[in-house]
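Residue strings, one per chain:
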Amino acid sequence: MTVEEHLSALEVQEQECRSRTKEHKKNGDKAAEKAELEVLKGVMRKKKELLDAKKKAEKEAEANGQATGKEETKTFTLKTPKGTKDYDEKDMAVREKIFSTITSIFKKHGAITIDTPVFELKEILAGKYGEDSKLIYDLEDQGGEKCSLRYDLTVPFARYLAEKSITNLKRYHIAKVYRRDNPAMNRGRFREFYQCDFDIAGVYDTMVPDAEALRVTVEILKALEVGDFTIKINHRKILDGMFEVCGVPPASFRQISSAVDKLDKMSWDDVKKEMTEEKGLAVEVADRIGEYVKLKGAAELCDKLAADPGLSKNTSAMTGIEEMRTLLRYLDVFKILDKVSFDLSLARGLDYYTGVIYEAVTTASPTVQNGEQVGVGSIAAGGRYDELVGMFSGNKKIPCVGVSIGVERVFAILSSRVDRASVKSNATEVYAIGMKDGYLEERMQICAELWDAGLKAEYMFKVKPRLQSQFDVCDKEKIPVAVIVGQEVTRGIVKIKNMTKVDDGLPKEVEVPRERMVEEVSKRLESLRAAERK
């Protein structure tokens, strides 16, 4: 391992140690925190030793270069920035399948796609994300405009609707977003990552588009085979009514909501501590909130909340409860009610949500083991944001609801299950193989015919390639069919061979006239696909 590789590995260890130390501190586990700090000291010590040795070697090399008159060779730190990563061809094969699956379902529901710039004017993004606003990447002032990298795809979509004066639209958008977060690569949390958003904008009857957004979410998570999952749902109006009944000052609603949102990562005691010690909430008010956020269920929870002496007199809470009744009824119609849990602990920290909110979690989502959080967190989330567009359009209200699929976290789940050796990273279906004399021009001609027929074909870029090397390519790249060119090509004959272990009922190898090559190859490919589907 090179010095750079050692340093890169130590930086990853440092980052993970700091993340675990922070979690232990939040959980109040002082022993685990102290132990983790000792590990961190060891990592930092090794890192310093390597850096010192590297600097010493560079100075010696520089001195030697000056003594011999050689030019100084510039060295580079070959690594991706913290919170980002490269994806190889196997990774990309899995990711492309994920994107293709998600896109097909978005299109099935009638959505069109748009694109927006990767950076926005800073004022567009400012004040939309609550406490998470500190995670926005600001860019240096260039040309008189202060800009920031987009934090999500929702605020740019709202800006797009307002700027274009669009009043109704069903759209999807798949693109990268950026967050100056503390990355946790093993849990699918990055600084640069993709979001896959589906949103419905326009004035429609209550909860109708919301139900479809949830139906889309269920379809996608089932199609991606992420495993067992639950979509937690709640309503901002119920939360606000609950906070009011409990005695939270209205000015503190969003702050307290942000604290409640951490209940999936922290214990109630830690959340209560944040509310009271950091945000100044009275202990008795926090205790009342604690009684509510334990509640979860479905339609029966609506009845229980409606009968609550405090909530039943609160207009905001009762409006939210009635909308939840309607939503749950529509979800039953869509046959997805079994995937949903009405959960009062769900808060969603973003400031722009105004109505129903939801978040999908799997059995692979965070759990705590030995004081350390593991898993990937929520894999999809969204909600209703009726006032966001109005912020950009002079208070012209355009209601919106949507969902964002956490594709990086889905990828973390799926890639952990995949046997990388079995992943086919290219789309090649046919390989043209030359026997002893190579037959380069014949192989080129065969590939041209296959390409013209819409088939995916390749050949080796050598005049006389070794036969075994060509067979090795078929094995490595999992190419199912080979067209073998030998002496018989002078008689207008080629061999077609099944290169897989799949038994499709056809002879393993067959000779056919050149003019029937494309027809035979197409027939074999279809036969292999049918056999694999069985």
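Residues numbered from 1 in each chain as written. Predicted model: local features only at pLDDT ≥ 70, side-chain atom pairs only at ≥ 80, totals over all residues. Heavy atoms only, no water.

Caption draft 1: Fine view of the overall build of the protein. A count of helices and strands for the protein gives 16 helices and 18 strands. Over its C-alpha atoms, taken along the principal directions, the protein stretches across nearly 90 × 75 × 50 Å. Evaluated residue by residue, the protein yields a buried proportion of 49% over its 534 residues. Pairs at least 24 apart in sequence give 69% of the contacts found in the protein among residues at least 6 apart. Total accessible area on the protein stands at roughly 27,500 Å², and carbon and sulfur atoms take up 51% of it. (Helix = DSSP H or I, 4+ residues; strand = E, 2+ residues; numbered from the N terminus. Buried < 20%, exposed > 50% of the residue type's maximum accessible area, 1.4 Å probe, protein only. Contact = heavy atoms within 4.5 Å. Areas by Shrake-Rupley, 256 points an atom, 1.4 Å probe, with all protein chains shown as cover.)

Caption draft 2: Structural context of the nonpolar core. Grouped together as the largest cluster of nonpolar side chains are 101 residues, with contacts concentrated most on Ile233 and Ile289. If we skip the residues at most four places from it in the chain, isoleucine 233 touches Leu214, Met324, Leu327, Leu328, Leu331, Val340, Ser341, Phe342, Asp343, Leu346, Ile357 and Tyr358. Core analysis: the second largest hydrophobic core is formed by 20 residues, Val430, Ala432, Val483 and Leu525 among them. (Core = buried A, V, L, I, M, F, W, Y, C linked by side-chain atoms within 4.5 Å.)

Caption draft 3: Highlighting the sheet that holds strand 14 (residues 430-434). Taken in spatial order, the five strands make up an open sheet running 15-14-16-17-18, and their pairing is mixed. Among the strands making up the open sheet, the edge pair consists of strand 15 (457-459) and strand 18 (509-513). Between one strand axis and the next, the sheet turns by 25 degrees as a mean value, whatever way the strands run. In the packing of helix 15 (residues 467-477) onto the sheet, contacts are made with strand 14, strand 16 (481-485) and strand 17 (493-498), and the angle to strand 14 comes to roughly 175 degrees. Sheet strands in contact with helix 16 (residues 517-533) are strand 14, strand 16, strand 17 and strand 18, and its direction is about 5 degrees off that of strand 17. (Pairing = 2+ DSSP bridges. Axes fitted to C-alpha atoms, helices over the stretch in contact; angles between N-to-C directions.)

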